[in-house]
Amino acid sequence: MKNKMSNRKYEAVNKLDVANKKVVAIIIYSILITILPLGWWMANFGEVMFKSRQPNRIIVSIITISGIIFYSYYLNFYNNKSQISRTEFIWMLFTAFFVRLALGGAISGHPIDVNCFKTWMNIASPDIFNIYEKNIFIDYLPGYLIILALFKYIASVVHCTISEDLLIKLPNILADIAIGVMVLGLKQKCGSRPTREESTIILFNPALILLSSLWGQSDSFVLMLLVMLFVGLVYNTYILAGCVTAYLLFTKPQFILYFPLIALYWVYNLWLRNRTVDIIKQIISFCVVSGVLYFLFMPHKEILWLLKFFIKIAGEYPYYTVNAFNIYYAGGLNWVKTGGMYDYINMIALAIAYILVLAQIGVRLEKPRDHLIQVRYLLQGGFLVGLLSYNLMTGMHERYSIFAWLFCLMVYVLINDIRWLRISMIISLLTFLNISKVLDLSLSNIYFVQRDLSNFIVAIANIVILFASLYIITNSLLKHKNNAKV
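Attention here is on the structure that accompanies the text.

Parameters at a glance
- Residues numbered from 1 in each chain as written.
- Predicted model: local features only at pLDDT ≥ 70, side-chain atom pairs only at ≥ 80, totals over all residues.
- Heavy atoms only, no water.
- Helix = DSSP H or I, 4+ residues; strand = E, 2+ residues; numbered from the N terminus.
- Buried < 20%, exposed > 50% of the residue type's maximum accessible area, 1.4 Å probe, protein only.
- Areas by Shrake-Rupley, 256 points an atom, 1.4 Å probe, with all protein chains shown as cover.
- 1 Å grid on protein atoms, 1.4 Å probe; cavity = no way out; pocket = protein on both sides within 12 Å on 5 of 7 lines; lining within 4 Å.
- Points joined across faces, edges and corners; volume = space filled by probe spheres on them.
- Nonpolar A, V, L, I, M, F, W, Y, C, P; charged D, E, K, R; others polar.
- Domains from an automatic or database assignment.
- Axes fitted to C-alpha atoms, helices over the stretch in contact; angles between N-to-C directions.
- Parallel < 35°, antiparallel > 145°, perpendicular 65-115°, else oblique.
- Left-handed = near helix turned anticlockwise from the far one by under 90°.
- Contact = heavy atoms within 4.5 Å.

1. Some details on the overall build of the protein
Then comes step 1: In terms of regular secondary structure, the protein is built from 19 helices and two strands.
Then comes step 2: Across the 486 residues that make up the protein, the buried fraction comes to 53%.
Then comes step 3: Just so you have it, the protein exposes about 22200 Å², and 67% of that area is on carbon and sulfur atoms.

2. Quick notes on the layout of surface pockets
Then comes step 1: By volume, the largest pocket is sized at about 1100 Å³.
Then comes step 2: Gln254, Ile313, Tyr317, His397 and Tyr400 are, among the 42 residues lining the largest pocket, the residues nearest its centre.
Then comes step 3: Put simply, the parts of the chain that give the lining of the largest pocket at least two residues each are helix 4 (111-124), helix 13 (305-314), helix 15 (342-364) and strand 2 (396-397).
Then comes step 4: Its residues assigned to classes, the lining of the largest pocket comprises 26 nonpolar, nine polar and seven charged.
Then comes step 5: A domain split of the lining of the largest pocket shows at least three residues from each of domain 2 (82-257 + 268-301) and domain 3 (317-485).

3. Remarks on the packing of helix 6 (residues 164-189) against helix 8 (residues 206-215)
Then comes step 1: Where helix 6 meets helix 8, the closest approach of the two axes is 8 Å, and the angle between their N-to-C directions is 155°. Comparing the axis directions of helix 6 and helix 8 gives the class roughly antiparallel. Along this stretch, helix 6 crosses helix 8, giving a crossing that reads as left-handed. Of the residues in helix 8, those touching helix 6 at Lys169, Asn172, Ile173 and Asp176 are Leu208, Ile209, Ser212, Ser213 and Leu214.

4. Notes on the side chain of asparagine 205
Then comes step 1: Turning to its location among the elements, asparagine 205 is positioned in the loop between helix 7 (196-203) and helix 8.
Then comes step 2: Take asparagine 205: its relative accessible area is 1%, and that puts it in the buried class.
Then comes step 3: Apart from the residues lying within four places of it in its own chain, the contact partners of asparagine 205 are Arg100, Thr200, Trp405 and Ser428.

Nothing here speaks to function; it is all geometry.
Quick look at the structure:
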């Protein structure tokens, strides 16, 4: 009896020790993704803040950043209970929103991008449907311009005195919060309650905060639509998924890289006659919304306007890299023109990505009727396309690795494999280091990032994480294939 009691006590102590080690590991990862990048952030933006000589903005910025740090410590060390309560989560959402709002008002943003958005917002708000007939530079699709015009209209109706700099950031600030709600809600849908650490990593992600609140870019809004698309697939709301797919196609030109994933999903299910009615609903809703947006914004008698628009965007940046710390940046090819080679390089890189996606579908989807398995490998395919395109395709901007981060994070949410969370955190950190450097220089009107040791290390790390991810995915595929044979 004593032996049994001692064995049970030993097993309990051993389990507790293992659990404690896991908690410590998660805490360390959480600190790395919050405290260290925010330290970098303060170092990068401190000089810009104090040069502005505006005490109110300086105080707001420093207090807000300090608040993020202390709140992160609270979330990680408050008590032994890892799962976050509903009250805590709501408080966290309000805090995350305030952090973004305060920082959004503290710094105007990337000068070129912010000025473009403000101009387009003011032109689109009174005459949105004829914006492509005006003789102005515009390289954005109507999906995001509709949002800018809508926010401008709401501000005018309620007589809000919000600055235009903050107004154009507001859609992305709200999108950040929506991403957190949907991703963590999906985690609960898949069988486990979100933890404090996961909530911190998503809601206080420095790369997201930087893009939405300080830079003023539209990437968070696009990420929100991507999350809505896959949440729609998980919850079997196929009409919503079809509408969101169409809206994405008319919002961000880069979505064209990921659209074949959805097309493969349609073809695969129709070919296997799996949920045929639902897939047809999705395709019809996609076609209806696409058709409405196409003809509403079509310039006078230019029936092929969207094709011409995509061709124009594809040729707009014929450089190996545009401040993206990838394989070309590591080779000293930042802002170096590719000549006529970029089309071939990009086609080869995209072909490699989709060959891997097809290989994955062929090996893993042995249960075609399990739509969660399909969604998982769609997300994993998006991760492959995002990471490969960022590192190997030409004309990549510093921000585009954020799409690989989102797909990686959502794979983790669906399968709860800690390796995917770790990879997403590393990608997020590297993205933050990249965009913080670019934004820091842009605030001094410098738009070419010189090649130095720290940036070179980030570029090499991006390449390493690409090959490490390919190894993990390939190894998983081979193991699955061998187990299937047995």
